[in-house]
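Secondary and tertiary structure notes
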Amino acid sequence: AAAQLWTGLRYSVPLMSILLCHELGHYIAARVHRVPASPPFFVPMPFPPLGTMGAVILMRGRIARRNALLDIGAAGPLAGLAVALPVLIYGIATSPVGPLPAHQGYLIEGRSLLYLALLRVLKGPIPDGHDILLSPTAFAGWAGLLVTMINLIPAVQLDGGHVAYALFGERQERYSRRVRAALLPVAVLVSLLYGLEAFFGGARGELLLNGFAPGVHWLLWWFLLRLMTRRGRPEHPRTDDAVLSPRRRIIAWATLGLFVALFMPAWLRQVPPS
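Quick look at the structure, then. (Residues numbered from 1 in each chain as written. Predicted model: local features only at pLDDT ≥ 70, side-chain atom pairs only at ≥ 80, totals over all residues. Heavy atoms only, no water.)

**A word on the overall build of the protein**
Within the protein one finds nine helices and six strands. Against the globule reference of 19 Å for 274 residues, the protein gives a C-alpha radius of gyration of 20 Å, in line with a compact fold. By its C-alpha atoms, the protein is 60 × 40 × 35 Å across when sized along the principal axes. Counting across all 274 residues of the protein, residues that qualify as buried make up 46%. A separation threshold of at least 6 residues defines the contact pool for the protein, and within that pool the share at least 24 residues apart is 79%. For the protein, the computed accessible surface area is about 14,400 Å², with 67% contributed by carbon and sulfur atoms. (Helix = DSSP H or I, 4+ residues; strand = E, 2+ residues; numbered from the N terminus. Rg over C-alpha atoms; globule rule 2.2 N^0.38 Å. Buried < 20%, exposed > 50% of the residue type's maximum accessible area, 1.4 Å probe, protein only. Contact = heavy atoms within 4.5 Å. Areas by Shrake-Rupley, 256 points an atom, 1.4 Å probe, with all protein chains shown as cover.)

See below:
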């Protein structure tokens, strides 16, 4: 029991720290710009694999200026990532590389460009048939990257949507609709990519369904983002000005670039036995 508790703490403490810093980034930026905001609230979900739905703050009223919108939108992902990266680097450095249990199948975490780069730098080339066996702390750092990636989707009123609207203004209405619409073909493409690989590898029945499952995450977010919009209503509330300072334009482009660096086609997928 003590070992299980320690394992849980090695995962939950760093993950909660990442989520807390993410929301505190929003909260502090909102207070600096005198936008009313609540303290962070954690949203529990007692189911695997993450065990949480993250954390939120509640903001009353509209953010009137683009500089404030950029600061508030970008502060959360950047603050969360500032904690997630050290956690992940430490976790990867202390996680072993070992043989994969090919005859019983296994779960593999999503691989973004940033994650792959850290694996390469910290572990070097990994032999065929082997992979990193993530410790609880490493998995918490990886989950921090996943949460940041989701929040940076440049659509509606996600953090990425705030940043994109601050940068592009009313053009973001069109861009946001395109991003939302693109999630459906992304879901189909990801499912086909891994599902057909499983099919031609001999998987059938439940194993084949698991092969097609990775695209479901993007399908769910396509559906959720549709629910967040109302027909005939703007994708994002308007600001009262059209000015974004030059320094903030650089921050906006860098923040949107993080979405590309963190993008994971498949978040978690079950690899069938060989």
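**Focus: the nonpolar core**
In this structure, Trp142 and Met149 are the most contacted members of the largest nonpolar core, which totals 43 residues. When contributions to this core are tallied by element, the ones reaching two or more residues are α1 (2-32), α2 (66-93), α3 (113-123), α4 (136-151), α6 (171-200), α8 (216-227) and α9 (246-262). Per-element accounting of this core gives the leading share, nine residues, to α4. Leaving out residues up to four positions away in the same chain, Met149 has contacts with Trp218, Phe259, Leu262, Phe263, Met264 and Trp267. Grouped together as the second largest cluster of nonpolar side chains are 22 residues, Val35, Ala68, Phe168 and Leu256 included. (Core = buried A, V, L, I, M, F, W, Y, C linked by side-chain atoms within 4.5 Å.)

**Remarks on the packing of aromatic side chains**
To describe a pair of aromatic rings, one takes the distance between the centres and the angle between the planes. Summed over the entire model, instances satisfying the criterion amount to eight aromatic pairs. Plain terms: the ring middles of Phe259 and Phe263 are 5.9 Å apart, the flat faces sit at 65° to each other, and that makes the pair edge-to-face. Classification of Phe259 by relative accessible area gives buried; the value is 17%. (Phe/Tyr/Trp six-rings, centres within 6.5 Å; stacked < 30°, edge-to-face > 60°.)

**Description of the side chain of Arg248**
Residue placement: Arg248 occurs in helix α9. For Arg248, a relative accessible area of 15% corresponds to the buried category. Beyond its immediate stretch of four places on either side in the chain, Arg248 contacts His33, Asn67, Leu70 and Asp71.

**Overview of the pattern of salt bridges**
Here the structure, examined in full by the defined rule, presents eight salt bridges. Residue Glu109 is joined to Arg111 by a salt bridge in which the shortest nitrogen-to-oxygen separation is 3.0 Å. The class of Glu109 is buried, set by a relative accessible area of 9%. (Salt bridge = Lys/Arg side-chain N within 4 Å of Asp/Glu carboxyl O.)

**A look at a positive patch on the surface**
Among the surface-exposed residues, Arg171, Arg174, Arg177, Arg178 and Arg249 lie close enough to one another that they form a single positively charged patch. The greatest single-element share of the positive patch, amounting to four residues, is contributed by α6. Mapping Arg178 onto the fold places it in helix α6. (Patch = residues over 30% accessible without salt bridge, like charges linked within 9 Å, V, L, I, M, F, W, Y side chains within 5 Å. Lys, Arg positive; Asp, Glu negative; His and termini not counted. Charge placed at Lys NZ, Arg CZ, Asp CG, Glu CD.)

**Observations regarding the packing of α2 against helix α5 (residues 159-168)**
It is at 8 Å that the axes of α2 and α5 come closest, and there the two elements cross at 150°. Considered as vectors, α2 and α5 are oriented roughly antiparallel to each other. Helix-helix and strand crossings are classified by hand; for α2 and α5 the assignment is left-handed. Between α2 and α5, the contacting residues are Arg66, Leu69, Leu70, Gly73, Ala74 and Pro77 on the first element and Asp159, His162, Val163, Tyr165, Ala166, Leu167 and Phe168 on the second. (Axes fitted to C-alpha atoms, helices over the stretch in contact; angles between N-to-C directions. Parallel < 35°, antiparallel > 145°, perpendicular 65-115°, else oblique. Left-handed = near helix turned anticlockwise from the far one by under 90°.)

**Brief notes about the packing of α2 against α4**
It is the contact of α2 with α4, at a shortest axis distance of 7 Å, that shows an interaxial angle of 150°. By the angle between their directions, the pair α2 and α4 is classed as roughly antiparallel. Classified by chirality, the crossing of α4 by α2 is left-handed. Residues Pro77, Leu81, Ala84, Leu85, Val87, Leu88, Tyr90, Gly91 and Ile92 of α2 touch α4, and the partners they reach there are Thr137, Ala138, Gly141, Trp142, Gly144, Leu145 and Thr148.

**Some points on the side chain of Thr229**
You can see Thr229 is positioned in the loop between α8 and α9. Excluding anything up to four places from it in sequence, Thr229 contacts Val156, Arg180 and Glu235.

**Topic: a nonpolar patch on the surface**
On the surface, Leu184, Val188, Leu192, Leu196, Phe199, Phe200 and Leu219 cluster together into a nonpolar patch covering about 610 Å² of accessible area. Residue contributions to the nonpolar patch peak at six residues, all from α6. In this structure, Leu192 sits in helix α6.

Nothing here speaks to function; it is geometry throughout.
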